[in-house]
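# Reading the structure
Each chain, written out:
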Amino acid sequence: MQHAYRQLILGMVCLFIVMAIGRFAYTPIMPFMQQTGHMDNQSAGLLATINYLGYLIGAVIPMWLVIVNKVTDLKIYLLINIIATLLMGLLDDFAVWTILRLISGITSGTVFVLASNVTLEALRVAKKGRISGLLYSGVGLGIFTSSIFIFVFTNAGSWKMTWIVLGLFSFIIGSFVLFGMRDNPTNENEISKVQDNTNTAEVKLKKKFIWGFSIAYFCEGAGYIITGTFLVAIVKSIPEFADYAALSWMFVGLGAIPSTILWSMMANKLGHAKAIYIAFILQIIAVVLPVFSESMVSLVMSSLFFGATFLGLTTLFMSKAQILMFEGNSKINLVASLTVIYSLGQMIAPAFSGLLIGESGNYNAALIFAAVILCIGLLSSIYSYSVTD
């Protein structure tokens, strides 16, 4: 039991580092990097795309290659991720940044998959699977705390030091993972139980809705990431709120912290289908709010709704996929397939949205594009569940 709780806490630390800092700290820091003339909107979108390409590669690596074992590999990738974050503030060349964001993306993907695997396995064996949603709250907690630091500390002259401080902080808390995380004890009974559990009807069920379900998750990856990449820049483009732009990302984190648990509870109460529909609708509202209103209230609501849904939808899709894989003896690794599909969506969208924004600095076209994609995702999810009735 103690081992499971330790793995959960250290898994949360891993996601705090590689997701909240390694991946998403770029969002509130990016406008300051642009202010100093280091890149335009297209270049900013390209850096995001490179990072998400890396995440796609990283998500696939653990499926095919484990160098030593899951925990040891996790520690190696975690350390590389921290170094990449640190170097973003030490090196001043766009070509080098593309390499660092690629490395950061690859290691974020591998650590996300490995930390999820190790932590959820420990919780399942300890019969504590109901609290597994806490693992992903580490991302929201990291977004919340790092955005406050960026808001207080960062300006056009100090963004390099922000990367360095975040890198050093990541190393400090990451040392607990490096020295504290252990391999899970093997449990042959648990493994055999999963392998022997077959359900032909459930396999057929997956084959009926898998296309709609996959398209929906692809659209979530493509739709959410546009706001996830440009939200702070959008707020910064509004003169009266420019000084408080980084705080918009703080509200994203605030909404994300409890979201994984709350959406898991909603799925248990209403069912996964209705929970997914509601989350999509709220995210669509979050994305289009800045198009219709640039008031402080609408921007705060947009940030909160966005934070409350982007991790929530990941939790809902992944938990449903895990249920189907556990109940069925299918050759399809649905969790891995969905992760790759999601990564493809979030890799493609930022570069395209950067083109929509262009030199105008108007983000409305990109936000409307994201909302359309999310509407397609909502309709696809409705279709996927309707064919199973």
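Structure report, in brief. (Residues numbered from 1 in each chain as written. Predicted model: local features only at pLDDT ≥ 70, side-chain atom pairs only at ≥ 80, totals over all residues. Heavy atoms only, no water.)

## Re the overall build of the protein chain
Test applied: Going along the chain from the N terminus, every DSSP run of H or I of four or more residues is numbered as a helix, and every run of E of two or more is numbered as a strand. Contacts are assigned to residue pairs with any non-hydrogen atoms lying within 4.5 Å of each other. Shrake-Rupley sampling with a 1.4 Å probe provides the accessible areas, and residues are treated as covered by the protein chains on show and by no other component.
In terms of regular secondary structure, the protein chain is built from 15 helices and 0 strands. Sequence separation of 24 or more characterises 83% of the internal contacts of the protein chain that already satisfy a separation of 6 or more. Total accessible area on the protein chain is roughly 16,000 Å²; 69% of this is exposed by carbon and sulfur atoms.

## Topic: the nonpolar core
In plain terms, the rule: The set of buried Ala, Val, Leu, Ile, Met, Phe, Trp, Tyr and Cys residues whose side-chain atoms join them within 4.5 Å is what this entry labels a nonpolar core. Partly exposed residues are those whose accessible area sits between 20% and 50% of the maximum for their type, while under 20% is buried and over 50% is exposed, using a 1.4 Å probe and protein chains only.
Counting residues in hydrophobic clusters, the biggest one holds 116 residues, and the most contacted among them are Phe24, Tyr26, Met33 and Phe310. No other element matches helix H9 (residues 200-236), which puts 16 residues into this core. Sequence-distant contacts of Tyr26, defined by excluding residues within four places in its chain, comprise Met33, Met39, Ala44, Leu47, Ala48, Arg101 and Trp163.

## A short note on the pattern of salt bridges
Just so we agree on the cut-off: Think of a salt bridge as a Lys or Arg side-chain nitrogen and an Asp or Glu carboxyl oxygen that are within 4 Å of each other.
Summed over the entire model, instances satisfying the criterion amount to 1 salt bridge. The residue Lys160 makes a salt bridge to Asp92 at a minimum N-O spacing of 2.8 Å. Taken together, the residues Lys160 in helix H7 (residues 159-180) and Asp92 in the loop between helix H4 (70-90) and helix H5 (94-125) connect sequence positions 68 residues apart.

## Quick look at the packing of helix H3 (residues 41-64) against H5
Applied cut-off: All axes are obtained by fitting lines to C-alpha atoms, using only the stretch in contact for helices, and the reported angles, taken between N-to-C directions, cover 0 to 180 degrees. Each crossing gets its hand from how the near helix is turned against the far one by less than a right angle, where anticlockwise is left-handed and clockwise is right-handed. Residue type decides the class: Asp, Glu, Lys and Arg count as charged, Ala, Val, Leu, Ile, Met, Phe, Trp, Tyr, Cys and Pro as nonpolar, and the leftover types, Gly among them, as polar.
The N-to-C vectors of H3 and H5 enclose an angle of 35°; their axes lie 6 Å apart at closest approach. The two elements H3 and H5 meet at a crossing, and its hand is right-handed. Of the residues in the contact of H3 with H5, the class split is 16 nonpolar, 10 polar and 1 charged.

## Focus on the environment of Ala242
On the secondary structure map, Ala242 appears in the loop between H9 and helix H10 (245-256). As for Ala242 and Val232, which are separated by 10 residues in sequence, their C-alpha atoms are 9.1 Å apart. Here Ala242 is in contact with Val235 and Lys236, once residues within four sequence places are set aside.

## Some words on helix H11 (residues 259-270)
Keep this limit in mind: Expected span of a helix, by definition, is 1.5 Å for each gap between consecutive residues, and there is one gap fewer than residues. This arc is taken over the directions from the axis of the helix to the C-beta atoms.
The end-to-end C-alpha distance of H11, which contains 12 residues, comes to 16 Å, matching closely the 16 Å that a straight helix rising 1.5 Å per residue would cover. Listing the buried residues of H11 in full gives Ser259, Thr260, Trp263 and Ala267. For H11, the angular spread of the buried residues around the axis is 95°, confining them to a single face. Across from the buried face of H11, at angles greater than 90 degrees, the exposed residues are Met265, Asn268 and Lys269. Immediately beyond the C-terminal end of H11, within one or two residues, lies Gly271, with a positive phi of roughly 100°.

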